[in-house]
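# Descriptive structure summary
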Amino acid sequence: MSAPPLPPPAPAVTPLGVDVTAATVTHAVRAASTVLVDVVAQVRGAGSLTGGSGAADDAARAEADRFARSVDLAAIALESATRGLESFEDHVADLGRRHAALQADSASYDAALRELRSRLHGDPAPERLAAEIESLGRWREGLVSDGVQIASDLASAEDRLIAILRSLDTDAEATATADALPPGARPDAERIADLLRRLRALADDPERVHAWWVALSGRERDALVTHHPEVVGNTDGIPVSARDDANRAALAVDLAALAAGLVAGARGPWRATVTAVRDALARASRSGAAVYLVEYRPDAFDGDGSGAIAIGDPEQADHVAVTVPGLTSDLAGIDGQVASALDLYEAIEDRNTGSTSVIAWMGYDAPTFDPPGVRDLLDEGADVLGVADADAAEDGGHTLVDFVDGLHATDVGSPAEVTVVGHSYGSTTVAHAAADGLQADAVVLLGSPGAGVDTVDDLGFGGDVYVGAADRDPVSWLGSPGEPGLGQDPAQDSFGAIRFDVDPGEPFHVQEFVSVGFEQNHSSYDDPGSHALANTAAVVAGADPDVVPGRDDPAPTYLGAWLDDERDHWVDELVDQGHAAAGDLLGTLEGLGIGG
């Protein structure tokens, strides 16, 4: 008796064939809707249109009302299109997961088929494998069925989206859509204003914000996102997906204004900030992870801006890291901060300890130094001197606590392990947040100029405190207890933190103080392949980093030792130059027949 024939290999898995730009289209449509509702509000809120009264003004007002009604119909159509696109996005995301599972299952099937074929050819009684062969055949039938169902579900989702969009492409259809809405289904201006007042009243309590938000109807939430994206997108406690929708709509409006030349005076810093956020989102999206614009305020802090971009979904992740930059950081530099966040994200993911989200947070007013011209040098220089002032770190610490509270309020499932990583002045900000009730499992202080207190116990923080300090990082030489300054060097053994291994940095002389001391030694903690990055990733992933002893010598003694070495170096340099000059002079004299 022979065994039945083997089934063929798994059928080819047809590519899903859906471009991931569906989300980009949704953001653009929502942004257009946001612009239109602003236009309606301005037209309907205008006073006299002719500067007078009487029949002419009444006629102008009637025409303005007709125009507002037409624009409002367009806004309703775009709102409906946005909901249709969002539904399509959800379907595509689910189909993408099913498609990936089908690919993995097909690969497993082919591996099982090869293994069974090898046994079949070497078995003197192959009929004993008949049951396995039949089981393999049923497995393949399931693969075929799953592939057909995915293709069918995709076609249905596309048909539904096309039907929604086609139902809105004429004035009559848009009017019919608006008229078909039941009374109260679309919140009116008075209702939206009331919702906004309530949201602002709750804004200081992320837990209450979240409870209130989830209790709203879908149309109420959509109305707030469309009419007030600048509030929804920057309120802690609102889910990150809604904040992302609102902030991307606001960003799209700003980018459209730039493209159309509508920004008065084409403000240079604002333009740089808006385009930097756009570029940072594009960079993060290339990682393949879900990306969220969790905060977007380009005009905050006198134009320095504030924002936050999450790589990976922080509401679903097992491990969440929030990175806080330091001196010279502002929103115009968010692209570089996101690049570093991506390096950390990948280092954590490589450990395979669960899902990850890394948030590049630029939500406070860090001291900056980027003068656009010589006349601005003094003002910017005064800002840099703020690194010796803890006020910005204290204010930023309060804001950081609220931001992390918001993440906890919207967390789904098992609570994530949260680590907050601060670099340079950002480490001082993180330390102040830790002393202010930060809800985190650990904090990491890198290249710190001071932790605001004298010991770990003074923080009153319930989690672990880790420190990374390169001995050739001049910023880490600044910490010392007492006034003035930013508090004790947290790398001191007496401080009580857990110090992990980092690269020591390169030697440098005075002319290299900025290029090597600051730009290289102080700014390389997040470099790919560095010990600091590997150990920071270990902490975020819940593993043990490579621990080293804390410093015994006070931080300022490192500066003193460097100054002593520099003095000796330059004395030796001058002596050598003097000897060389004397030798040259003697040689010249001998050539002239003098002396010798």
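Bear in mind that the values here come from a model prediction, so they are computed numbers and not experimental data.

The subject of this paragraph is the overall build of the protein. Looking only at helices and strands, one finds 18 helices and eight strands in the protein. A separation threshold of at least 6 residues defines the contact pool for the protein, and within that pool the share at least 24 residues apart is 73%. Carbon and sulfur atoms make up 54% of the accessible area of the protein, which amounts to about 28600 Å² in all.

We now examine the pairing of strand E7 (residues 464-468). Extensive coverage of E7 is indicated by the burial of four of its five residues. The sheet contact formed by strand E6 (residues 442-446) and E7 spans five bridges and is parallel. Pairing of Val444 across the sheet is with Tyr466, part of E7. Summarising the sheet, E7 and strand E8 (residues 498-499) pair through two bridges and their orientation is parallel. Residue pairing in the sheet places Tyr466 in a bridge with Ile498 of E8.

Right, let's get into the sheet that holds E6. Across the sheet, eight strands lie side by side as E1-E2-E4-E3-E5-E6-E7-E8; this open sheet has mixed pairing. Each having just a single partner strand, strand E1 (291-297) and E8 make up the two edges of the open sheet. Its contacts with the sheet place helix H14 (residues 425-435) against strand E3 (319-324), strand E5 (417-423) and E6, and it is angled at close to 135 degrees to E5.

Turning next to the nonpolar core. Counting residues in hydrophobic clusters, the biggest one holds 77 residues, and the most contacted among them are Val322, Ile334, Val338, Leu400, Val420 and Leu438. Residue contributions to this core peak at eight residues, all from helix H11 (residues 334-349). Beyond its immediate chain neighbours, meaning those up to four positions away, Val420 contacts Val322, Val324, Leu400, Val404, Val430, Leu438, Ala440, Ala442, Val443 and Val444. Residues Leu195, Val209, Val231 and Ala242 belong to the second largest nonpolar core, which totals 15 residues.

The subject of this paragraph is the environment of Asn521. By the secondary structure assignment, Asn521 is in helix H16 (residues 513-522). When its relative accessible area of 2% is taken as the criterion, Asn521 is described as buried. As a C-alpha pair, Asn521 and Ala469 span 52 residues in sequence and 9.9 Å in three-dimensional space. A distance of 2.8 Å separates a polar side-chain atom of Asn521 from the backbone oxygen of Glu506.

With five of its five residues buried, E6 lies for the most part within the structure. Burial along E6 is two-sided: the face carrying Ala442, Val444 and Leu446 and the face carrying Val443 and Leu445 are both buried. Two elements, E5 and E6, share five bridges in a ladder whose sense is parallel. Bridging from a neighbouring strand, His423 pairs with Leu446 of E6. With H14 bridging E5 and its parallel neighbour E6, the resulting β-α-β unit is right-handed.

Bringing the pattern of salt bridges into the picture now. Opposite charge on two side chains lets them pair, provided their charged atoms get close. Following the criterion strictly, the structure yields 17 salt bridges and no others. We note a salt bridge from Asp94 to Arg98, for which the minimum N-O separation is 3.8 Å. With Asp94 and Arg98 both in helix H2 (residues 55-122) and four residues apart, this pair spans about one turn of that helix. Here Glu295 ties to Arg297 by a salt bridge, and the two come within 3.7 Å at their closest N and O atoms.

Attention now moves to the side chain of His99. Here His99 shows up in helix H2. Non-local contacts of His99, meaning those with residues more than four positions away in its chain, are made with Val13, Thr14, Pro15, Leu16 and Ile150.

Summarising the element assignment, Ile133 is placed in helix H3 (residues 130-166). A relative accessible area of 3% places Ile133 in the buried class. With 13 residues separating them along the chain, Ile133 and Leu120 place their C-alpha atoms 9.7 Å apart.

With that settled, consider the packing of aromatic side chains. One pass over the full model with this rule turns up five aromatic pairs. Ring centres 5.5 Å apart and planes at 85 degrees place the aromatic pair Tyr109 and Trp139 in the edge-to-face group. Of this pair, Tyr109 sits in helix H2 while Trp139 sits in helix H3; the two residues are 30 residues apart in sequence, bridging distant segments of the chain. For Tyr109, a relative accessible area of 0% translates into the label buried. Each ring, one from Trp477 and one from Phe508, has its centre 6.2 Å from the other, and the planes form 15 degrees; the classification is stacked. Here Phe508 lies in the loop between E8 and H16 and Trp477 lies in the loop between E7 and E8, a separation of 31 residues in the sequence. No difference in accessibility class separates Trp477 from Phe508, as the two residues are buried.

Turning our attention to the packing of H11 against helix H17 (residues 531-540). Each packed pair of helices is defined by two parameters, the angle between the axes and the distance between the axes. Viewed as axis vectors pointing N to C, H11 and H17 meet at an angle of 60 degrees, and their least axial separation amounts to 9 Å. Crossing handedness for the pair H11 and H17: right-handed. Contact residues: Asp343, Leu344, Ala347 and Ile348 in H11; Leu533, Thr536, Ala537 and Val540 in H17.

Attention now goes to H11. Compared with the 22 Å implied by 1.5 Å per residue over 16 residues, the 22 Å span of H11 between its first and last C-alpha is a close match. For H11, every residue scored as buried is listed here: Ile334, Asp335, Gln337, Val338, Ala341, Leu342, Leu344, Tyr345, Ala347 and Ile348.

Phi is positive for Asn352, which is not a glycine, with a value near 55 degrees. Structurally, Asn352 can be placed in the loop between H11 and strand E4 (356-362). Residue Ser424 is not a glycine yet carries a positive backbone phi of 60 degrees. Counting through the fold element by element, Ser424 comes out in the loop between E5 and H14.

Each α-helix turn comprises 3.6 residues. Residues three or four places apart therefore point the same way. The first and last C-alpha atoms of helix H9 (residues 240-259) sit 28 Å apart over 20 residues, in line with the 28 Å expected at 1.5 Å per residue. Summarising burial for H9: 14 of the 20 residues are buried, a large majority.

A few words now on the packing of helix H13 (residues 391-410) against H14. The contact between H13 and H14 brings their axes to 7 Å, and the two run at 60 degrees. Considered as vectors, H13 and H14 are oriented oblique to each other. Read as a crossing pair, H13 and H14 show a hand that is right-handed. Note on element contacts: H14 touches H13 through Tyr425, Thr428, Thr429, Val430, His432 and Ala433, opposite Asp391, Ala392, Ala393, Glu394, Gly396, Gly397, Leu400 and Val401.

Per-residue pLDDT for the protein has a mean of 81; in total, 76% of the residues score no lower than 70. Contacts for the low-pLDDT stretch residues 370-387, under 50 throughout, to residues beyond four places or in other chains number 21 contacts.

Scoring rules and cut-offs
- Residues numbered from 1 in each chain as written.
- Predicted model: local features only at pLDDT ≥ 70, side-chain atom pairs only at ≥ 80, totals over all residues.
- Heavy atoms only, no water.
- Helix = DSSP H or I, 4+ residues; strand = E, 2+ residues; numbered from the N terminus.
- Contact = heavy atoms within 4.5 Å.
- Areas by Shrake-Rupley, 256 points an atom, 1.4 Å probe, with all protein chains shown as cover.
- Buried < 20%, exposed > 50% of the residue type's maximum accessible area, 1.4 Å probe, protein only.
- Pairing = 2+ DSSP bridges.
- Axes fitted to C-alpha atoms, helices over the stretch in contact; angles between N-to-C directions.
- Core = buried A, V, L, I, M, F, W, Y, C linked by side-chain atoms within 4.5 Å.
- Polar contact = N/O pair within 3.5 Å; in protein donor to acceptor, adjacent residues only side chain to side chain.
- Right-handed = clockwise from strand over helix to strand, strands pointing away.
- Salt bridge = Lys/Arg side-chain N within 4 Å of Asp/Glu carboxyl O.
- Phe/Tyr/Trp six-rings, centres within 6.5 Å; stacked < 30°, edge-to-face > 60°.
- Left-handed = near helix turned anticlockwise from the far one by under 90°.
- Expected span 1.5 Å × (residues − 1).
- Parallel < 35°, antiparallel > 145°, perpendicular 65-115°, else oblique.
- pLDDT = per-residue confidence, 0-100.

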